[in-house]
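Fold and geometry: a report
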Amino acid sequence: MDPPPLPEEDGAKPGSKIALRRYLVKALHRLQKGPGYTYRELLVWYCNNTNTHGPKRIIREGPKKKFAWFLLTLLFASLVVWQWGILVNAYLSYNVTASLAIGFKSMTFPAVTICSASPYKYSLVKNRLKDLDGLIHAALEQLLPSGPQNETAPPPANASRKLNMALWRQIPLVVIAESPGADPVVTDILGDRSGPLPTSSPAADTAEAPTFKLAIKLCRQNGTECEYRNFTSAVQAVSEWYVLQSTSILSQMSMKEKIGAGYQSRDIILACLYGARPCNVRNFTRLYHPDHGNCYIFNWGIEEKPLISSNPGAEFGLKLILDINQTDYLPFLTSTAGARLMLHDQKSFPFLKDEGIFAMAGTETSIGVMVDELQRLEYPYNDCTVNGSDIGVENLYKNYLALQMEMKSCGNCTLEEAAQRSAVKSQLKTTYSIQACLRSCFQKQMVDTCHCGHSAFPLPDGAKYCNNNGYPDWAYCYSSLRGSLTSRQFCIESCKETCNNTQYKMTISMADWPSEASEDWIFRILSYERNKSETITLNKSGIIKLNIYFQEYNYRTISEAATTTIVWLLSNLGGQFGFWMGGSVLCLIEFGEIIIDFLWITILNLIGWCRGPRRGKAPPAALPTVAQRVEAHTNRAFQEDEAAAGYPEAGSASEPGTPPPNYDSLRVSALDTGDLDSDGEGSLSDQKMA
C-alpha cells in the first residue's frame, strides 16, 4: 500500500520537502517492514504476528469466538496491570527484613570516658561564686526556719545590704501563694512584695490556708514581660535557679581557666591496669566536657590506635582506681557523688548526660560488656545517614577537641582564631551522632533566637556565650526555647540516626570496697603513691574501683536486607505476564515496536494536516483507466503514473532507482502489426472473436 502524499508549503523548495517525505517514509519502512500506513492496518498486523496468544485468536476466529477472546484478553490484560501495580507498589515501599547473626572474634576494646560528678573544684571557683552563694544562703534562711507566713515576709534590712541584689534581681526566686477562689500572690524572697501576677488582684482572706510554691521569675524587655517556672519541690527550684545563675557566671571564664579549675588526671586517676600491662594518665585523652568538666577517655582512638582485647574475662579488661574527692564538690551545683562513666565507639563524642552511668563511691563496680552491631540500609530503605554529610545541621562537636586544645594552648586568642587553627587538625575530629546533631541544632536556634549561645554546647562561628550582663534576656529566651515543642520537632526532623553503630550492653555488679579489714593499708599505700606522704589523704567516701571487660567474645550483628529488589521485581512482573497472557520480554518489545509505529504514523498525519490548510485542498486523483487495471492485473511489475496516484509531478523531482522492465515481449500470441491499434487492445479482441 502506498503512503499518502505530503503537500508542500508555499514558497518552500520542492526538493527539500520531497526529501523530508522520503526520509520519513523510508524510516517508517525500516521500522515496521510492511504493517501498513493506518492505525487499523498496524493493529491487525500486530495481532496477527505477536507471540502473545490472545490477540491472534481475536482476528482468526469467527464472530462469536472473536468476541469471547476479546473479553478474555481484556480481562487477563487488566489482571496483569493490576498485579503489576501491586508489585511495583511493594517494591517502592522499600521494606526491609532484619537478620541476627552471632559471631566470635577478637574485638576492639571500647572507648571509656570517666568524669567526676562535679565539673569544678569548689576551692578553685569559690571566689567567682561568692556573691551567688551569699544569695542562696540568704534565700534558704528565709525558706527553712519558718512556716508559710514567714516565707512571704521580707528579710531584715541589714541582711540584704551584704548581698549582691543586682545579681538577684536578674533572675529572682519568688513564692507563689495560691488560695481557693482567689488570685495567686507573688512574693520575692529577698525583695519587697511584688504584688499579684499580671491582670490579677490581691488575694482575699479565706478560711482555707493557702498553698505555697517556689518559682523562678524570668523576664525580658527590662521586666515588662515575665513568666514563672513553678516547681513541686523547693529542692528542684533552688537547683535550677543556681544552674541558671552559675551558667551566666562561669561562661565568662576562658577555656584555659575552665580546664584549670576542674579535676586533673593526677587527682582522679590513682591506678590503671589494662590486661597484664600497667597504664597511666598518658594513656588517657583529656576532654573538657560542658556538663562534667575535665573528662578522661581511655582508648579513644584519636591520637593513638585503638586497643584490641585478646581474651574475654575480668583479667583481660581495664582496671581503675579513682578518687572523686567529693569534699571539694560545688554544694549547690552538684548534689550527686560518684564517677560518671560511659562506654562508646572510638572517635565519637561522649554524651554522658544521656548515655552515661554512675559508679558509687566506696564500691568496686564490675561492668561486663557485650557488643551489638547494628547495620541499617541507607536511603531509601531507612532515613539514616552514614557520616552526617547529608545533614543540613552543622556538627558543632566535630572540631570540639581540637578547638579546646587550641584555646588552651594559645591563651588569650579569640574563638575565631582558635577555630581557624583547629580546622587543619583532621585527626582530632569526632564522628557524627544524632545526639551531636540535636545539640548542634538547639545551639543554632539559641544563637538565632537569643543572639547568644548556651555554655553547655559548643559555639558556632561568630557567636558568644550568654551571660546576664551582655544578654539580660537570655534566661527567658532559653527557657522558652527549651520548652518549645516546635523547636524540638524541627531538630528531630532535621537530624538522622547513623546507619551503622555499635551498642554496648552492660551487666553491672557492685560490692563494698575496700573492706573494713583492708581499708587501712590500701588507703595508706594509695596516699603515699600520690603525695609521697605517710599521712592518709583518702577515705571511703571518695574512692572507687572499676573493672571493665568483655563478658564473652560472642557478638551479635543485627543487619537489614531489602525485602524487594530489582531482581525480585522483574521476576514477579515476568511471572504474572507469562501466567495471565502467555507472554515474555519479547512480547513487550513487540508492543513497544507498535507504539513507535503509531508515533511515526501520527507524525506523518500531523505534518500532512498542518501543511494541508496552507496549500489548500489537493486535486483529487484521477481514476485508473481500464487498460491500467488490466495491465496491473496481468503485469505485477506495472506502476501507475505518478500524476494519477497523486504524487508530485515528475518535473519537480525524480524517484531514485531503475524502472521495472516491460515484459510485454514475453507474451505468447499471434500478433498482426498491421491490425493493432495504438495500445494493442483492438487486434487482441479481434483474435479472440475469430
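This report concerns the structure included in the present document. (Residues numbered from 1 in each chain as written. Predicted model: local features only at pLDDT ≥ 70, side-chain atom pairs only at ≥ 80, totals over all residues. Heavy atoms only, no water.)

Re the overall build of the protein
When helices and strands are tallied, the protein shows 24 helices and 22 strands. The 690 residues of the protein split such that 41% are buried. Long-range contacts, defined as pairs at least 24 residues apart, comprise 73% of the intrachain contacts of the protein with a sequence gap of at least 6. (Helix = DSSP H or I, 4+ residues; strand = E, 2+ residues; numbered from the N terminus. Buried < 20%, exposed > 50% of the residue type's maximum accessible area, 1.4 Å probe, protein only. Contact = heavy atoms within 4.5 Å.)

Regarding the pattern of salt bridges
What the rule picks out here adds up to 12 salt bridges. A salt bridge links Arg 128 to Glu 257, with the nearest nitrogen and oxygen atoms 3.3 Å apart. Taken together, the residues span a long stretch of sequence, with Arg 128 in the loop between α5 (122-125) and α6 (130-143) and Glu 257 in helix α11 (residues 255-261) at a distance of 129 residues. On the accessibility criterion, Arg 128 (38% relative accessible area) is partly exposed. As a salt-bridge pair, Lys 319 and Glu 315 come within 3.5 Å of each other at their nearest N and O atoms. Relative accessible area serves as the criterion here: at 22%, Lys 319 is assigned to the partly exposed category. (Salt bridge = Lys/Arg side-chain N within 4 Å of Asp/Glu carboxyl O.)

Describing the pairing of strand β22 (residues 554-562)
Taken together, the 9 bridges between strand β1 (residues 96-104) and β22 define a ladder with antiparallel strand orientation. Its bridge partner lying in β22, Thr 97 is registered against Ala 561. Here strand β17 (residues 363-375) pairs with β22 via 4 bridges, running parallel. Residue pairing in the sheet places Leu 374 in a bridge with Ile 558 of β22. (Pairing = 2+ DSSP bridges.)

Regarding the layout of surface pockets
If you add up the space inside the largest pocket, you get close to 1300 Å³. If you go around the largest pocket, you meet 45 residues; those closest to its centre are Val 243, Asp 291, Lys 353, His 454 and Ala 456. Among the secondary structure elements, those contributing two or more residues to the lining of the largest pocket are α10 (234-250), β11 (284-289), α13 (352-355), α16 (434-450), α17 (474-482) and α18 (485-494). Looking at side-chain class alone, the lining of the largest pocket contains 23 nonpolar, 13 polar and 9 charged residues. (1 Å grid on protein atoms, 1.4 Å probe; cavity = no way out; pocket = protein on both sides within 12 Å on 5 of 7 lines; lining within 4 Å. Points joined across faces, edges and corners; volume = space filled by probe spheres on them. Nonpolar A, V, L, I, M, F, W, Y, C, P; charged D, E, K, R; others polar.)

Here's the deal with the sheet that holds strand β12 (residues 293-298)
With antiparallel pairing, 5 strands are arranged side by side in an open sheet as β11-β12-β3-β15-β16. In this open sheet, the two edge strands, each paired with only one partner strand, are β11 and β16 (357-359). Between one strand axis and the next, the sheet turns by 30° as a mean value, whatever way the strands run. (Axes fitted to C-alpha atoms, helices over the stretch in contact; angles between N-to-C directions.)

Here we look at the environment of Ile 603
Summarising the element assignment, Ile 603 is placed in helix α21 (residues 585-615). Overall, the relative accessible area of 38% leaves Ile 603 in the partly exposed class. Taking C-alpha positions, Ile 603 is 9.2 Å from Leu 24, a pair spaced 579 residues apart along the chain.

Here's the deal with unusual backbone geometry
Backbone torsion omega between Tyr 379 and Pro 380 reads 15°, so that peptide bond is classified as cis. With an omega of -10°, the peptide bond between Trp 513 and Pro 514 qualifies as cis. One non-glycine residue, Asn 325, lies in the positive phi region at around 50°. With respect to the helices and strands, the residue Asn 325 is situated in the loop between β14 (318-323) and β15 (339-344). Residue Lys 347 is not a glycine yet carries a positive backbone phi of 65°. Within the element layout of this structure, Lys 347 appears in the loop between β15 and α13. Its relative accessible area of 35% is what places Lys 347 among the partly exposed residues.

Some words on the state of the cysteines
Evaluation of the coordinates by the stated rule reveals 8 disulfides. Residue pairing for Cys 384: its cysteine sulfur links by disulfide to Cys 499, the two sulfurs lying 2.1 Å apart. As the torsion about the S-S bond is roughly 95°, the Cys 384-Cys 499 disulfide counts as right-handed. Remark: Cys 499 occurs in the loop between β19 (497-498) and β20 (500-512) and Cys 384 occurs in strand β18 (residues 384-385); sequence separation between them is 115 residues. Classification of Cys 384 as buried rests on a relative accessible area of 5%. The residue that forms a disulfide with Cys 450 is Cys 477, at a sulfur-sulfur distance of 1.8 Å. Linking Cys 450 and Cys 477, the disulfide has an S-S dihedral of approximately -85° and is accordingly described as left-handed. Separated by 27 residues along the polypeptide, Cys 450 in helix α16 and Cys 477 in helix α17 bring together distant segments of the chain. Each member of the pair, Cys 450 as well as Cys 477, is classed as buried. (Disulfide = S-S within 2.5 Å.)

A few points about helix α20 (residues 566-581)
Compared with an ideal rise of 1.5 Å per residue, which puts 16 residues at 22 Å, α20 spans 22 Å between its outermost C-alpha atoms and is within 8% of the ideal. Three or more residues of α20 are buried, namely Leu 569, Leu 573, Phe 577 and Met 581. Along the long axis of α20, the arc covered by the buried residues comes to 55°, so they all point the same way. Residues of α20 that are exposed and point more than 90 degrees away from the buried face comprise Val 567, Ser 571 and Phe 579. (Expected span 1.5 Å × (residues − 1). Arc of directions from axis to C-beta.)

Quick look at the packing of α16 against α17
Two elements in contact, α16 and α17, have axes separated by 10 Å at closest approach and are oriented at 135°. With respect to α17, the element α16 is oriented oblique. The two elements α16 and α17 meet at a crossing, and its hand is right-handed. Along the contact surface, α16 presents Phe 442, Gln 445, Met 446, Thr 449 and Cys 450, while α17 presents Trp 474, Cys 477, Tyr 478, Leu 481 and Arg 482. Looking at side-chain class alone, the contact of α16 with α17 contains 7 nonpolar, 2 polar and 1 charged residues. (Parallel < 35°, antiparallel > 145°, perpendicular 65-115°, else oblique. Left-handed = near helix turned anticlockwise from the far one by under 90°.)

A word on the packing of aromatic side chains
Inspection of every chain in the model, using the stated rule, returns 23 aromatic pairs. Look at Phe 109 and Tyr 274: their rings are 5.2 Å apart centre to centre, the planes differ by 75°, and that puts the pair in the edge-to-face class. Of this pair, Phe 109 sits in the loop between β2 (107-108) and β3 (111-116) while Tyr 274 is found in strand β9 (residues 269-274), placing the two residues 165 residues apart along the sequence. Tyr 274 sits in the buried class, given a relative accessible area of 7%. Arranged with centres 5.6 Å apart and planes meeting at 50°, the rings of Tyr 274 and Phe 298 form a pair that is tilted. Of this pair, Tyr 274 sits in strand β9 while Phe 298 sits in strand β12, and the two are 24 residues apart along the sequence. Note on accessibility: Tyr 274 and Phe 298 belong to one class, buried. Each residue in the set Phe 109, Tyr 274, Phe 284, Phe 298 and Phe 550 is aromatic and connected to the rest through ring pairs, giving one cluster. (Phe/Tyr/Trp six-rings, centres within 6.5 Å; stacked < 30°, edge-to-face > 60°.)

Description of α6
A rise of 1.5 Å per residue sets the reference length of α6, with its 14 residues, at 20 Å; its end C-alpha atoms lie 20 Å apart and thus fit the reference within 8%. Looking only at α6, the buried set comprises Leu 132, Asp 133, Leu 135, Ile 136, Ala 138, Ala 139, Gln 142 and Leu 143.

Some thoughts on the pairing of β12
Counted residue by residue, β12 has 6 buried out of 6 residues, so it is predominantly covered. Of the pairings in the sheet, the one linking β11 to β12 comprises 6 bridges and is antiparallel in character. By the bridge assignment, Tyr 288 is partnered in β12 with Asn 294. Turn length for the β11-β12 hairpin, with the two strands adjacent in sequence and antiparallel, is 3 residues.

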